[in-house]
Amino acid sequence: MKPESLPSRRNFLSTAVVGSGLLSANCGCEATAPDSMPTGPADVTLRIGPVLLDIAKDHTISTVGYNGSVPGPLIRLHEGVPVTVDLFNDTDTPEYVHWHGLAIPVDVDGAEEEKSLVVPVHGHLRYRMTPQPAGARWVHSHVMPMSDVNRGTYTGQFGFVYIEPKNNAGQYDQEVFLATHEWEPFYTTAEMEEEPDAEQRARMEEQKKKEEKPNGWEIGYQRFTVNGKCLGFGEPVRVKEGQRVLFHFLNASATENIKLALPGHVFQIVALDGNPVPRPQTMQVLELGTAERIDAFVEMKNPGVWILGTPMDDDRRDGMGIVIEYAGKTGKPRWIAPPKQLWDYCMFGDNRPASNPDEVIPLVFGKINGGVGAFNHWTVNGKSYDDKAEPRLLQKGKRYRLVFDNQTDDAHPVHLHRSSFELTKVHGKSTGGVLKDVVLLKGFKKIEADFTPTMEGLMLFHCHQQLHMDYGFKLLFNVV
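None of these values were measured; they are calculated from a predicted model.

A. Representation of the environment of Asp107. With respect to the helices, strands and loops of the structure, Asp107 is situated in the loop between β6 (97–100) and β7 (123–129). For Asp107 and Met320, which are 213 residues apart along the polypeptide, the C-alpha to C-alpha distance reads 36 Å.

B. A look at the nonpolar core. Counting residues in hydrophobic clusters, the biggest one holds 69 residues, and the most contacted among them are Phe247, Ile269 and Phe404. Broken down by element, this core gets its largest block of residues, 4 residues, from strand β11 (residues 218–226). Among all residues touching Phe247, those that are not within four sequence positions of it are Val176, Leu178, Ile294, Asp295, Ala296, Val298, Met300, Leu308 and Ile324. In this structure, Val83, Leu102, Met129 and Val161 belong to the second largest nonpolar core, which totals 22 residues.

C. Representation of the pairing of strand β19 (residues 305–309). Across the 5 residues that make up β19, a large majority, 5, are buried. Residues Val305, Ile307 and Gly309 point to one face of β19 and Trp306 and Leu308 to the other, with burial holding for every one of them. Inspection of the sheet shows β19 paired to strand β20 (residues 321–326) by 5 bridges, in the antiparallel sense. Of the residues in β20, the one forming a bridge with Leu308 is Ile322.

D. Structural context of the packing of aromatic side chains. Here the structure, examined in full by the defined rule, presents 15 aromatic pairs. Ring centres of Phe247 and Phe249 lie 5.6 Å apart, and the angle between their planes is 15 degrees; this geometry places the pair in the stacked category. On the accessibility criterion, Phe247 (0% relative accessible area) is buried. Using a relative accessible area of 2% as the deciding quantity, one classes Phe249 as buried. On the numbers, 4.7 Å between centres and 50 degrees between planes, the contact of Phe365 with Phe473 is tilted. Of this pair, Phe365 sits in strand β21 (residues 359–368) while Phe473 sits in the loop between α3 (466–470) and β32 (474–479), and the two are 108 residues apart along the sequence. We classify Phe365 as buried; its relative accessible area is 0%. Stacked on the ring of Phe88, the Lys or Arg Arg47 has its end atom at 4.7 Å from the ring centre. Its guanidinium or amino end placed over the ring of Phe297, Arg244 lies 3.7 Å from that ring's centre, counting from NZ or CZ.

E. Layout of the sheet that holds strand β4 (residues 75–78). The strand order across the open sheet formed by 4 strands is β4-β9-β8-β6, and the pairing between neighbours is mixed. Only two strands of the sheet have a single partner each, and these edge strands are β4 and β6. On average, each strand axis in the sheet is inclined to that of its neighbour by 25 degrees, with strand direction left out of account. As judged from the 4 bridges shared by β6 and strand β8 (residues 135–141), these two strands associate in the antiparallel manner. Paired with His98 across the two strands is His140, which belongs to β8.

F. Representation of the sheet that holds strand β18 (residues 293–299) in the model. Here we have 6 strands laid out as an open sheet, ordered β11-β10-β13-β18-β15-β16, and mixed in their pairing. What marks the edges here is a single partner per strand, and that holds for β11 and β16 (275–283). Taken pair by pair, the neighbouring strands of this sheet meet at an average axis angle of 25 degrees, ignoring direction. Of the strand pairs in this sheet, strand β15 (residues 267–272) and β16 are connected by 5 bridges, and their pairing is antiparallel. Its bridge partner lying in β16, Ala271 is registered against Pro276.

G. Spatial organisation of the side chain of His415. In this structure, His415 sits in strand β25 (residues 412–416). Among the polar contacts listed, one links the side chain of His415 to the side chain of His98, at a separation of 3.5 Å. If near-sequence neighbours (up to four positions away) are discounted, His415 is found in contact with His98, His100, Asp437, Val438, Leu460, Phe461, His462 and His464.

H. How the structure looks around the side chain of His468. Considering the arrangement of structural elements, one finds His468 in helix α3. Leave out the neighbours within four places in its chain, and His468 touches Trp378, Asp410, Ala411, His412, Cys463 and Phe473.

I. Region of interest: the confidence of the model for the protein chain. On average, residues of the protein chain score 91 in pLDDT, and 91% of them are at 70 or above. Low pLDDT, under 50, characterises residues 1–35; the stretch is placed with 87 contacts to residues that sit more than four places away or in other chains.

J. Fine view of the pairing of strand β3 (residues 59–66). With respect to burial, β3 is a largely interior element, 6 of its 8 residues being buried. Here strand β2 (residues 44–56) pairs with β3 via 8 bridges, running antiparallel. Counterpart to Gly49 in the pairing with β3 is Gly65.

K. Region of the structure containing the environment of Asn478. Structurally, the position occupied by Asn478 is in strand β32. The sequence separation of Asn478 and Pro391 amounts to 87 residues, and the corresponding C-alpha distance is 5.7 Å. Look past the residues within four positions of Asn478 in its chain and what remains in contact with it is Pro391, Arg392, Leu393, Leu394, Gly457 and Leu458.

L. Representation of the pattern of salt bridges. This model, assessed by the stated rule, comprises 28 salt bridges. Glu113 is the salt-bridge partner of Lys474, the closest N and O atoms lying 2.8 Å from each other. Within this pair, whereas Lys474 is found in strand β32, its partner Glu113 is found in the loop between β6 and β7, the two being separated by 361 residues in sequence. The same class applies to Lys474 and to Glu113, which are both buried. Here Arg317 and Asp314 are joined by a salt bridge, their closest N and O atoms 3.7 Å apart. Note that Arg317 and Asp314 are positioned in helix α2 (residues 313–317) at a spacing of 3 residues, about one turn of the helix. With relative accessibility at 61%, the residue Arg317 sits in the exposed group. If you follow the salt bridges from partner to partner, you end up with Arg137, Asp273, Glu292, Arg293, Lys436 and Asp437 in one network.

What counts as what
Residues numbered from 1 in each chain as written. Predicted model: local features only at pLDDT ≥ 70, side-chain atom pairs only at ≥ 80, totals over all residues. Heavy atoms only, no water. Helix = DSSP H or I, 4+ residues; strand = E, 2+ residues; numbered from the N terminus. Core = buried A, V, L, I, M, F, W, Y, C linked by side-chain atoms within 4.5 Å. Buried < 20%, exposed > 50% of the residue type's maximum accessible area, 1.4 Å probe, protein only. Contact = heavy atoms within 4.5 Å. Pairing = 2+ DSSP bridges. Phe/Tyr/Trp six-rings, centres within 6.5 Å; stacked < 30°, edge-to-face > 60°. Lys NZ or Arg CZ within 6 Å of the ring centre and 35° of its normal. Axes fitted to C-alpha atoms, helices over the stretch in contact; angles between N-to-C directions. Polar contact = N/O pair within 3.5 Å; in protein donor to acceptor, adjacent residues only side chain to side chain. pLDDT = per-residue confidence, 0-100. Salt bridge = Lys/Arg side-chain N within 4 Å of Asp/Glu carboxyl O.

As C-alpha cells, this is what we get:
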C-alpha cells in the first residue's frame, strides 16, 4: 500500500485483496494442500516477484515483493470465514509465506522448520485456510537468508493482513496502515543501540570481562521507509481537523526495533499485536520490536503539517517518517522531539497474579560471540537450533508457562507461531490480559507468558531478529 492510500472505512474494501482473482498463471510446477481445492479464482492471491521500488527521488531499490508493490496489498479477511489462497513464485528460489499471528494448521503456516508447504521455484501453491483470530496480523517471507541480505525479511516481502472481527463496534473517521522497513543493509561491527538501565549496564560490564571473543557481525542500514517511501517522498497522510483516525502500525524490519512519535498529538493505544488490551493507554511515543503491531487512535486537533517518525535524528534524516498534513495547511513539516517515556507492557494489563500453569518451561537465551569477521551464534537453554533434534513435546489443551530469560545484552523480539500468549510477569511484576505473539525482551531481563496450544502439529518459537534466528535462536515444539 502506498502512503497516499488512505481509504475511510466506507470505501476501504475496494483496495483490499479479497474475493478477487487478481492473478492467474500457467506454472510448470504446482503444489496443493492435501484437501480437495475449489476451482476458479482464489479469494487471496499473492505473486512473489521482483520489484523496482522508488523510495526517494532518484533512489530506486531492487527487491522482491508481493503483487509488484512494497508493502504488498492489504489483505482484508473476515474472522472464521474460510478462504482459498493462491501463491505464485516468480523467483529462482523456493519461498515460504508465513501468516504471522494467525492460528492456522501447520501445513499452511509457512515455515520450513514446521514442514509447511513450500512455494516452489516458478511454481504455484493453492490451499484453504480459516483466518483467525481477529485483528492486525501480517504476512512475510520465512526463508532463512543467513549471510545473504537480499533474501528473507530483508526484502519487500511483507504486507498487512487485517482480520475483521465478527462484531466490530469501533468508531473512527479514517483508517491508516503504516509499515516501517529498512533498506540497503550492510555488515558492521557496531553493536545494536540500546539505552541500558543501571542493572543492565552492570551486567554488560560483567559479561564483557568473561567473553573470549569480541562481538561478531551486526546489521546496519542506509535508508529507512514508511510504506516503502522515505520521509518527504511521495504523498503525505491527509487528515482533517476533528477527525478520529485509527492507525495500524507494523514494524516490518528484518532486525531493527523502533520508536515512533507524532509531535503535538497523542496515541490512544487500544491493541497490541492485533489483540485488544484490557487497559487502553495514552502515550506520546510508541515502541515496537521487530514484527510487533500497535493499533492506536489519534484525535486530529492540532492543525498543521507534522512529521510522524522516529525520535532518532539520524534515522529520521535517512527516511524513517511520514508527513501528516491537515486539510488547508501548507509549509515545512514540523518535528518536535518527544519526552522520554517508559514503555511497559504492564500498563496495558490487569494488575493481578496469573493462575498456576500445568507446566513451566524455562527458556534461557545465550550468545556466543563470533569474533572479528564472523557471525555470533545464539542459544536457547545452552543449545543452538538443530534441525535433527527431536522437538519438545507439548500436550494440546494444557496451560504452559514460558519463562523468557535473556542472559545477553541484546534485545530479542521473540515470536511463537500459530498461537498467542498471555503476559503474566514482566520484569518481576505480575500482569494479565495482554495477549501477544511477539514480545520484546530487553537485555538481561525476564518475562513470563502463558499459552494453551489448541492445534496439533509442529510449532516454531524464535527470535524475530533475522540475524539471531538464522544463527541458532530457534526452538521447535510438537503439540500432540
